[in-house]
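Notes for the structure review
What follows is the residue order along each chain.
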Amino acid sequence: ALLIALVLDPRYKLDYLSHCFSATYSATYDEMTCKEMVKKVEKTMRAMFDQYNETASSLHLSASMTQLQSTSIVSSSSTFVMPVSGRPSANKKSRNLHDEFVARRLEKDDGMKKNEADKYLEEEPEQPSANFNVLGWWASSGSKYKILSLMAHDVLAIPVTTVAFEATFSIGGR
């Protein structure tokens, strides 16, 4: 979690992680091994992103279906939606289905389409400064990185340690 938190710090991302691994392990491992360690961290971060993305997608779909069911009655033909008030209206469900279809088609057509994680990692890191607020940066970037900001919120909220400092270095009994 600590390495993921480092990658989610927009000042450092994978570049700083690579630098730290190379500087720390250069005597023990070759450069290729250090690059593989960075790739493992990146792979873990992307897997975590995919999990958050799936969860958000299923919650969005579930919320959409709940909203649709609570506000309208779908007629037997799939071209009209009958609101609870009883008046026919334009087909909101068909428009939503159409929008989903277009979005999925674009994803299929563009196999190289970049997700939030790709965009974030490719973007230049922020300039390091003493008063940089990582959580503030994610709060302000929430509209650009919807899923990553949720992930950063959870990961950056994890305490570095849950054991009291004194207990860690105490040689006496507790």
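Preceding this section is the structure that the text describes.
Residues numbered from 1 in each chain as written. Predicted model: local features only at pLDDT ≥ 70, side-chain atom pairs only at ≥ 80, totals over all residues. Heavy atoms only, no water.

1. Focus: the packing of aromatic side chains
Here is the rule we go by: Only the six-membered ring of Trp is used, alongside the rings of Phe and Tyr, when aromatic pairs are assigned; centres must lie within 6.5 Å, and planes under 30 degrees apart are stacked while those over 60 apart are edge-to-face, with the rest tilted. Our definition puts a charge over a ring when NZ of Lys or CZ of Arg is within 6 Å of the ring centre and also within 35 degrees of the ring normal.
For the coordinates displayed, the defined rule picks out nine aromatic pairs. Ring centres 4.7 Å apart and planes at 35° place the aromatic pair Y12 and Y16 in the tilted group. Taken together, Y120, W137, W138 and Y145 form an aromatic cluster joined through their ring pairs. Taking NZ or CZ as reference, K13 lies 4.4 Å from the ring centre of Y120, over its face.

2. Focus on the pattern of salt bridges
Put simply, the rule reads: Each reported salt bridge corresponds to a side-chain nitrogen of Lys or Arg within 4 Å of a carboxyl oxygen of Asp or Glu. For the purposes of this entry, the term helix denotes a DSSP run of H or I that reaches at least four residues, the term strand denotes a run of E that reaches at least two, and both are numbered from the N terminus. Burial classes follow relative accessibility: with a 1.4 Å probe on protein chains only, a residue under 20% of its type's maximum area counts as buried, one over 50% as exposed, and anything between as partly exposed.
Using the criterion set out here, one finds six salt bridges in the structure. Between K39 and E42 there is a salt bridge; the shortest N-O distance is 3.6 Å. Here E42 and K39 lie together in helix 3 (residues 31-71), a separation of three residues that amounts to about one turn. Judged by its relative accessible area of 14%, E42 is buried.

3. Brief notes about the nonpolar core
Stated formally: Each nonpolar core is a collection of buried residues, namely Ala, Val, Leu, Ile, Met, Phe, Trp, Tyr and Cys, held together in the definition by side-chain atoms within 4.5 Å.
Within the largest apolar cluster, 27 residues are counted, with the highest numbers of intra-cluster contacts made by L8, L17, M45, W138 and L148. Going through the elements one at a time, helix 1 (2-7), helix 2 (13-25), helix 3, helix 5 (116-122), helix 6 (134-140) and helix 7 (146-156) are the ones with two or more residues in this core. It is helix 3 that provides the largest number of residues to this core, a total of six residues.

4. As for helix 2
Note the following rule: The length a helix should cover is 1.5 Å for every residue beyond the first. What the arc measures is the spread of directions leading from the helix axis to the C-beta atoms.
The terminal C-alpha atoms of helix 2 lie 19 Å apart, and with 13 residues this matches the ideal 18 Å at 1.5 Å per residue to within 8%. The set of residues buried in helix 2 consists of K13, L14, L17, F21 and S22. Viewed along the axis of helix 2, the buried residues span an arc of 160°, placing them on a single side of the element. Facing away from the buried side of helix 2 by over 90 degrees, the exposed positions are D15, H19 and A23.

5. Some thoughts on the side chain of E116
Test applied: Neither His nor the chain termini are counted; the positive set is Lys and Arg, and the negative set is Asp and Glu. Polar contact is the term for a pair of N or O atoms within 3.5 Å; when the atoms are in protein, one must be able to donate a hydrogen and the other to accept it, and sequence-neighboring residues count only if both atoms are side-chain atoms. Contacts were defined at the residue level, with two residues in contact if any of their heavy atoms lie within 4.5 Å.
Of note, E116 is situated in helix 5. Here E116 occupies a buried position and makes no salt bridge, while the nearest side chain of opposite charge, K146, is found at 6.5 Å. Here L148 takes part through its backbone nitrogen, which lies 3.0 Å from a polar atom of the side chain of E116. In this structure, E116 is in contact with F49, K144, Y145, K146, I147 and L148, ignoring residues within four places of it in sequence.

6. Section: the side chain of K13
Relative to the helices and strands, K13 resides in helix 2. Buried charge without a partner: K13 forms no salt bridge, and the closest opposite charge is E123, 4.3 Å away. A polar atom in the side chain of K13 sits 2.6 Å from the backbone oxygen of Y120. Within the structure, the side chain of K13 is placed 2.9 Å from the backbone oxygen of E123, a separation counted as a polar contact. Look past the residues within four positions of K13 in its chain and what remains in contact with it is L6, V7, Y120, L121, E123, E124 and P125.

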